[in-house]
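In case you want the letters, here they are:
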Amino acid sequence: MQAYVDDSRSDQGEQRLVLAGYINTAERWSRFSNAWYAELRRSPSIDYFKMVEAAGLRGQFGGWSTVDRDNKVEDLARIIRHWEPASIHSSVSQKLVAEIVKPVAPYGMASAYSFGFEAIMIPLAIHQSKQKDLMQVPIDFIFDHQEGLGDAAKLLYQSIRARQPRAVQKVLSVEPVFRDDKLIMPLQAADMLAWHIRKHFESGDPDAFPVPPMLSANGMHSASDIPEWYLRRAAEQFSNVPGASTLSDKKEWKKYRNEARQLGMPTFPVERPFGRENAIDRFRKFLARLIAG
């Protein structure tokens, strides 16, 4: 199983960070990539797809008409629907994380990405670890490479993975993979999804379904939107851990992680009790079908 994930950050309201993407088997992703590339090259052609460029008629879409732009977006979205990947997203307020969590949390757990990564990865991993009738297929998470984020994201991923039960760790790859979304077709699909979900939050309609119909073949979607009460509970837990705030420096955090690993300790013993079982239940049958081929 491969999950391709991209991010989209809002500068409005709560300034939500959205991580969103699609899950499918490696074999289906290979076929998807061939179809997506063929559509990119079909006239009027583009070298790669970025939703922000399409929306602003700039970059690859510079000089395009809105009609041609809309047709290209719809034709690419049709490929997503055809290959039926499962869609997922997590979101968290960057503003609230900075106000509530950052003052008391260590470096590796003080960013919105830390909460977003955990919220998008762990429900899927828990689901996989509980599979009894099917082989527990590991999940590879592939993220868009962004300048300056790779090392920090790798630290976050390893910290999150280390805090999980062994059964959950077994279905998570040891390290995340980072790739250039200009070259990797499924990341371009994730980019399209993340942009639309961010726009959903900016619309101010909490009751609207976050995924537009053109990006979902079956209306099935797993969402983990982290609320303020959860951030406050996490901050309270960090406050009760001696020395947590002294690890706000990246160098000190890496030193602590290395020492903890040598001693066989989790990288940080703070409970994250935010429950997401309902989202997992919605995915159970669909993911099982993907795994079974």
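Quick notes on the rules
- Residues numbered from 1 in each chain as written.
- Predicted model: local features only at pLDDT ≥ 70, side-chain atom pairs only at ≥ 80, totals over all residues.
- Heavy atoms only, no water.
- Buried < 20%, exposed > 50% of the residue type's maximum accessible area, 1.4 Å probe, protein only.
- Helix = DSSP H or I, 4+ residues; strand = E, 2+ residues; numbered from the N terminus.
- Pairing = 2+ DSSP bridges.
- Polar contact = N/O pair within 3.5 Å; in protein donor to acceptor, adjacent residues only side chain to side chain.
- Contact = heavy atoms within 4.5 Å.
- Core = buried A, V, L, I, M, F, W, Y, C linked by side-chain atoms within 4.5 Å.
- Phe/Tyr/Trp six-rings, centres within 6.5 Å; stacked < 30°, edge-to-face > 60°.
- Lys NZ or Arg CZ within 6 Å of the ring centre and 35° of its normal.

Draft legend 1. Inspection of the pairing of strand β1 (residues 2-9) at higher detail. Among the 8 residues in β1, 7 count as buried, and that is most of the element. Hairpin connection of β1 to strand β2 (residues 16-24): 6 residues between the antiparallel strands, including glycine 13 at a positive phi of 55°. With 4 bridges connecting them, β1 and strand β4 (residues 140-144) associate as parallel partners. Bridge pairing links alanine 3 to phenylalanine 141 in β4.

Draft legend 2. Representation of the side chain of histidine 89 within the structure. On the secondary structure map, histidine 89 appears in strand β3 (residues 86-93). For histidine 89, the side chain forms a polar contact with the side chain of aspartate 225, separated by 2.7 Å. When residues no more than four places from it in sequence are discounted, the contact partners of histidine 89 are Leu19, Ala20, Ile120, Ile197, Phe201, Pro210, His221, Ser222, Ala223, Ser224 and Asp225.

Draft legend 3. Representation of the nonpolar core. In terms of nonpolar packing, the biggest core is built from 44 residues, with Val92, Val101, Phe115, Phe117, Met121, Phe141 and Leu231 touching the most fellow members. Elements supplying a minimum of two residues to this core: β1, β2, β3, α4 (94-101), α5 (112-129), β4, α6 (150-162) and α9 (228-239). Per element, the largest residue contribution to this core is 10 residues, and it comes from α5. Sequence-distant contacts of leucine 231, that is, excluding residues within four places in its chain, are made with Val92, Leu96, Val97, Ile100, Val101, Phe115 and Ile226. With 31 residues, the next largest nonpolar core counts Trp36, Leu40, Ala54 and Ala194 among its residues.

Draft legend 4. Focus on the packing of aromatic side chains. Evaluation of the coordinates by the stated rule reveals 12 aromatic pairs. An angle of 80° between the planes, with centres 5.2 Å apart, marks the rings of tyrosine 4 and tryptophan 29 as edge-to-face. A residue pair is termed long-range when its members are at least 10 positions apart, and tyrosine 4 in strand β1 and tryptophan 29 in helix α1 (residues 26-41) qualify at 25 residues. In this pair, the class of tyrosine 4 matches that of tryptophan 29, namely buried. An aromatic cluster is built from Tyr4, Trp29, Phe32, Trp36, Phe49, Phe61 and Trp64, whose rings are joined through pairwise contacts. Just above the ring of phenylalanine 201 sits the side chain of arginine 16; from NZ or CZ to the centre is 5.1 Å.

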